[in-house]
Amino acid sequence: YSPALLKRRRDLERWPPPAKYGKDDWLAWTQADQELNRMLLEYCRDMRERLKASIDSELAEDFRKSKDPLDKLLWQLRVEESKTFKECVLRAKDIVA
């Protein structure tokens, strides 16, 4: 712990993190940012794959064609989850690049 960390709270709460830190320990902060982003990218990819693996094309088609309001709601939720994890992967890749 260092009291200097309290003064750096603004830097630490930024996302995406700054491209360059102006402090002496910039290397440690940059490496921490890279590790966090790697973990975030891995999580997003994993969740996207789980979502894909949890349903086959036949069941997906049944949900799309269903007239049941609950089925429609569940399908909308699934579509939003898919979009969310796809966007998560793209944004995490942008930060790495």
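Conventions we followed
- Residues numbered from 1 in each chain as written.
- Predicted model: local features only at pLDDT ≥ 70, side-chain atom pairs only at ≥ 80, totals over all residues.
- Heavy atoms only, no water.
- Phe/Tyr/Trp six-rings, centres within 6.5 Å; stacked < 30°, edge-to-face > 60°.
- Helix = DSSP H or I, 4+ residues; strand = E, 2+ residues; numbered from the N terminus.
- Buried < 20%, exposed > 50% of the residue type's maximum accessible area, 1.4 Å probe, protein only.
- Disulfide = S-S within 2.5 Å.
- pLDDT = per-residue confidence, 0-100.
- Lys, Arg positive; Asp, Glu negative; His and termini not counted.
- Salt bridge = Lys/Arg side-chain N within 4 Å of Asp/Glu carboxyl O.
- Polar contact = N/O pair within 3.5 Å; in protein donor to acceptor, adjacent residues only side chain to side chain.
- Contact = heavy atoms within 4.5 Å.

## What to know about the packing of aromatic side chains
- Taken as a whole and judged by the stated rule, the model has two aromatic pairs.
- With 6.3 Å between their ring centres and 75° between their planes, Tyr-43 and Phe-85 make a pair best called edge-to-face. Placement of the pair is Tyr-43 in helix α3 (residues 26-53) and Phe-85 in helix α5 (residues 69-96), with a sequence separation of 42 residues.
- Given the relative accessible area of 15%, Phe-85 is considered buried.
- Ring centres of Phe-63 and Trp-75 lie 6.2 Å apart, and the angle between their planes is 15°; on these two criteria the pair is classed as stacked. Residue Phe-63 is located in helix α4 (residues 57-65), and its partner Trp-75 is located in helix α5; the two are separated by twelve residues in the primary sequence.
- For Trp-75, a relative accessible area of 17% gives the class buried.

## Focus: the state of the cysteines
- Taken as a whole and judged by the stated rule, the model has one disulfide.
- Each sulfur in the disulfide pair Cys-44 and Cys-88 lies 1.6 Å from the other. Highlighted residues: Cys-44 in helix α3 and Cys-88 in helix α5, separated in sequence by 44 residues.

## Considering the confidence of the model for the chain
- Residue-level pLDDT values for the chain average 84, and 74% of them are 70 or greater.
- Looking over the chain, one finds the lowest element-wise mean pLDDT in helix α1 (residues 4-7), namely 68, and the highest in α4, namely 94.

## With respect to the side chain of Arg-78
- Among the structural elements, Arg-78 can be located in helix α5.
- Of the side chains with opposite charge, Glu-81 comes closest to the buried, unpaired Arg-78, at an N-O distance of 5.2 Å.
- A polar contact is formed between the side chain of Arg-78 and the backbone oxygen of Leu-51, at a distance of 2.4 Å.
- If sequence neighbours within four positions are ignored, Arg-78 has contacts with Leu-51, Lys-52, Ser-54 and Ile-55.

## Concerning the pattern of salt bridges
- Under the criterion given, the structure shown has eight salt bridges.
- Among the salt bridges present, the one from Glu-87 reaches Arg-91, with a minimum N-O distance of 2.9 Å. Taken together, the residues Glu-87 and Arg-91, both in helix α5 and four residues apart, mark about one turn of the helix.
- Judged by its relative accessible area of 36%, Glu-87 falls in the partly exposed class.
- Owing to a relative accessible area of 54%, Arg-91 belongs among the exposed residues under this scheme.
- If you follow the salt bridges from partner to partner, you end up with Glu-35, Arg-38 and Glu-42 in one network.

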